[in-house]
Amino acid sequence: NVRVYYLLDITNNARTKVTPQTPFEFDLPTGAAGATLMQGSSPQALLNGTHVRVNGPFEPGATFVQIGFVLPQKNGEVEIAQTFPANMEHLGVIVQKVGDAKLTSPQIERQQDMPAGGDVYIAAAGGAVTAGTPVQLTITGLPHHSSVPRYIALGLALAVVVLGMWLGGRAMPQ
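The structure presented is a predicted model; accordingly, all values stated were derived computationally and were not measured.

Rules used throughout
Residues numbered from 1 in each chain as written. Predicted model: local features only at pLDDT ≥ 70, side-chain atom pairs only at ≥ 80, totals over all residues. Heavy atoms only, no water. Helix = DSSP H or I, 4+ residues; strand = E, 2+ residues; numbered from the N terminus. Buried < 20%, exposed > 50% of the residue type's maximum accessible area, 1.4 Å probe, protein only. Lys, Arg positive; Asp, Glu negative; His and termini not counted. Charge placed at Lys NZ, Arg CZ, Asp CG, Glu CD. Pairing = 2+ DSSP bridges. Axes fitted to C-alpha atoms, helices over the stretch in contact; angles between N-to-C directions. Contact = heavy atoms within 4.5 Å. Polar contact = N/O pair within 3.5 Å; in protein donor to acceptor, adjacent residues only side chain to side chain. Phe/Tyr/Trp six-rings, centres within 6.5 Å; stacked < 30°, edge-to-face > 60°.

Please provide a residue-by-residue account of the overall build of the protein chain, values included.
A count of helical and extended segments in the protein chain gives one helix and 12 strands. For the protein chain, the C-alpha atoms occupy an extent of roughly 100 × 35 × 30 Å along the three principal directions. In the protein chain, buried positions account for 28% of the 174 residues. Of the charged side chains in the protein chain, 10 are positive and 11 negative; the average position of the first set lies 9 Å away from that of the second.

Written out as structure tokens, the structure is:
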């Protein structure tokens, strides 16, 4: 599984409270599991399964929403497509580099490997993303277990069952 964290900063630059015409809500990507609001999130944020809603009105300044979830990966690759209900001034992505991990996205303009705390991270940045435009990220080269041993074990178990049924069905000599 791949752990994913969204650190969202909903900013109201006005001097008064703002209530958006449409609610700030979205669904997490398909396959997301174990979603949770993390400590430090605004009490305005609600999570129902994989549906996120942040209730207005929004006070002047920042409203922080931090969400964590996992996405399954089977073949060393994970794709994330996420649509947000508001414009993003800029996109920032950090990926812990495990194995030969690589990040690609049409929205990423620049990226580099950065060491921190004994690990290496891919730090990437992109420009503005308009509301309703999916942020698309693909991470490849992730470590994963081959499914070949599983299929070999299942095949051997099936062969033992078939052999047992064949031997059990033979007539006993008198």
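Give me the lowdown on the sheet that holds strand 5 (residues 51-54), citing residues and values where you can.
Spatially, the three strands line up as an open sheet ordered 2-5-4, and their pairing is antiparallel. Of all strands in the sheet, those with a lone pairing partner are strand 2 (24-27) and strand 4 (45-48), marking the two edges. Here the strands of the sheet are splayed against their neighbours by 15° on average, with no regard to which way each runs. Pairing between strand 4 and strand 5: four bridges, direction antiparallel. From the neighbouring strand, Asn48 faces strand 5, where its bridge partner is His51.

Can you break down the environment of Val135 residue by residue, with the values?
With respect to the helices and strands, Val135 occurs in strand 12 (residues 135-140). In the structure, Val135 is positioned 88 residues away from Leu47 in sequence and 20 Å away in space, judged by C-alpha atoms. Discounting residues that sit within four places of it in the chain, Val135 has contacts with Ile80, Ala81, Gln82, Phe84, Met88, Leu91, Gln107 and Val129.

Outline the side chain of Gln82, supporting the account with residue identities and numerical values.
Within the element layout of this structure, Gln82 appears in strand 7 (residues 78-82). The exposure class assigned to Gln82 is buried, which follows from its relative accessible area of 3%. One polar contact links Gln82 to Tyr6, side chain to side chain, over a distance of 2.8 Å. With residues near it in sequence (within four places) discarded, Gln82 still touches Tyr6, Phe26, Asp27, Leu28, Pro29, Thr133, Pro134 and Val135.

Pulling in residues and values, what's your account of the packing of aromatic side chains?
Evaluated as defined, the whole model comprises five aromatic pairs. Seen in terms of ring centroids, Tyr6 and Phe69 are 5.3 Å apart; in terms of plane orientation they differ by 80°. Their pairing is edge-to-face. Of this pair, Tyr6 sits in strand 1 (residues 2-12) while Phe69 sits in strand 6 (residues 61-71), and the two are 63 residues apart along the sequence. Considered together, Tyr6 and Phe69 belong to a single accessibility category, that of buried residues. Judged by centre distance (6.1 Å) and plane angle (85°), the rings of Phe24 and Phe26 are edge-to-face. Accessibility expressed as a relative area gives 4% for Phe26, which makes it buried. One aromatic cluster is present, built from ring pairs that chain together Tyr6, Phe24, Phe26, Phe69 and Phe84.

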